[in-house]
Amino acid sequence: MTDQHGELDAALERVIDAARAHLAAVRAAEGRIDDDAVWQAYVNLNNASFAYDEQLLDAFGEVTPWDVEAIDPDEADQRFGAVEGVEATDPHPRVISVRQRRDYRVPSVSALIRAANAARREGIPEEDEPAPVEGVGEAVLELLQSGDGSLSALDVPELEPLDGLVMVSEVGTPVDLESFDDDDPVGPFQPAPDDRLVGRLDEHPFLELDEEHDHAH
């Protein structure tokens, strides 16, 4: 004859231990997404809770508020992570680097600086007078900062787009901005020896077709 009370107590202890292990894994992950340790702890807590709920139902016809289903640990390892000590089989890289360059011609420096000054004044109280924009580079940076931060913020009449390119690479580690000086123009963009270039996309500005070209087609 089995000791139902003892089995329930043991099952509950397994739930408590699994909950503590899950909390420890979450704290150790510090917000990392798709952390393997957190996933393994989640599976263990889920299955311990499911087992306790089933035993409580069998013994007393009662259930817990935990609406869970059992998770096959082997299937979970294959789909979401790796077992400790076993190398993950996911062949895809975890970090992708996208480097973009676009060049511009400045038809009128004064017009560009006026546009940048106007962008700088937006959102500033009328009684405040912001420092004037000095130079082409500062004007372009101001337009980027006042926009959404992407190159689309530079799609303005004061800048004439020239050729550009986008490079996509598989990299071993993400960029560490703190390891480069603010005035370093090369370091953050320099590929590492183990980076693998996947490919590049060449960008050409749209050319307006003259009327003769339109009629020819």
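Up top is the structure these notes are about.
These numbers were taken from a predicted model, which means no experiment stands behind them. (Residues numbered from 1 in each chain as written. Predicted model: local features only at pLDDT ≥ 70, side-chain atom pairs only at ≥ 80, totals over all residues. Heavy atoms only, no water.)

What to know about the sheet that holds strand 1 (residues 95-105)
To keep it simple, the criterion reads: By definition, two strands form a pair when at least two bridges between them are found by DSSP. Strands are runs of DSSP state E lasting at least two residues, helices are runs of H or I lasting at least four, and both sets are numbered from the N terminus onward. Orientation is described by lines fitted to C-alpha atoms, with helices fitted over the stretch in contact, and by angles between N-to-C directions that extend from 0 to 180 degrees.
With antiparallel pairing, the three strands of this open sheet are ordered in space as 1-2-3. Whereas interior strands pair on both sides, the edge strands pair on one side only; in this sheet they are strand 1 and strand 3 (196-203). Going across the sheet, the axis of each strand differs from the next one's by a mean of 15°, ignoring polarity. In this structure, strand 2 (residues 160-171) lies alongside strand 3, joined through seven bridges in antiparallel fashion. The residue of strand 3 that forms the bridge with M167 is R200.

Thoughts on the packing of helix 1 (residues 4-29) against helix 2 (residues 36-60)
Put simply, the test is: In this scheme, roughly parallel covers angles under 35 degrees and roughly antiparallel covers those over 145, while 65 to 115 is roughly perpendicular and the rest are oblique. Put simply, a crossing is left-handed when the front helix is turned counterclockwise from the back one by less than a right angle, and right-handed when it is turned clockwise. By the convention adopted, Pro, Cys, Tyr, Trp, Phe, Met, Ile, Leu, Val and Ala count as nonpolar, Lys, Arg, Asp and Glu as charged, and the other residues, Gly among them, as polar.
Where helix 1 contacts helix 2, the axes come no closer than 8 Å and their chain directions differ by 160°. With respect to their mutual orientation, helix 1 and helix 2 come out roughly antiparallel. Between helix 1 and helix 2 the crossing geometry is left-handed. Per-class residue counts for the contact of helix 1 with helix 2 are 20 nonpolar, six polar and two charged.

So, a negative patch on the surface
We count it as follows: Patches draw on residues past 30% relative accessible area with no salt bridge. Two like charges within 9 Å are joined, as are two nonpolar side chains (Val, Leu, Ile, Met, Phe, Trp, Tyr) within 5 Å. Note on areas: these come from Shrake-Rupley sampling with a 1.4 Å probe, and a residue is covered only by the protein chains present in the view. Salt bridges are identified by distance alone: a Lys or Arg side-chain nitrogen within 4 Å of an Asp or Glu carboxyl oxygen. Charged residues are defined here as Lys and Arg on the positive side and Asp and Glu on the negative side; His and the ends of the chain fall outside this count. Just so you know, the charge point we use is NZ for Lys, CZ for Arg, CG for Asp and CD for Glu. For the exposure calls, accessible area comes from a 1.4 Å probe over protein chains only, and a residue counts as buried if that area is under 20% of its type's maximum, exposed if over 50%, partly exposed in between.
Together, D3, E7, D9, E13 and D17 line one region of the surface with negative charge. By the secondary structure assignment, E7 is in helix 1. Residue class for E7 comes out partly exposed when judged on its relative accessible area of 38%.

Some remarks on the side chain of N46
Rule in force here: Counted as a polar contact is a pair of N or O atoms within 3.5 Å, where, for protein atoms, one must be capable of donating a hydrogen and the other of accepting one, and residues adjacent in sequence contribute only when both atoms are in side chains. Contacts are assigned to residue pairs that have any heavy atoms within 4.5 Å of one another.
Within the secondary structure layout, N46 lies in helix 2. Within the structure, N46 has its side chain in polar contact with the backbone oxygen of E69 (distance 2.7 Å). Excluding its chain neighbours within four sequence positions, the residues that come into contact with N46 are V68, E69, A70 and I71.

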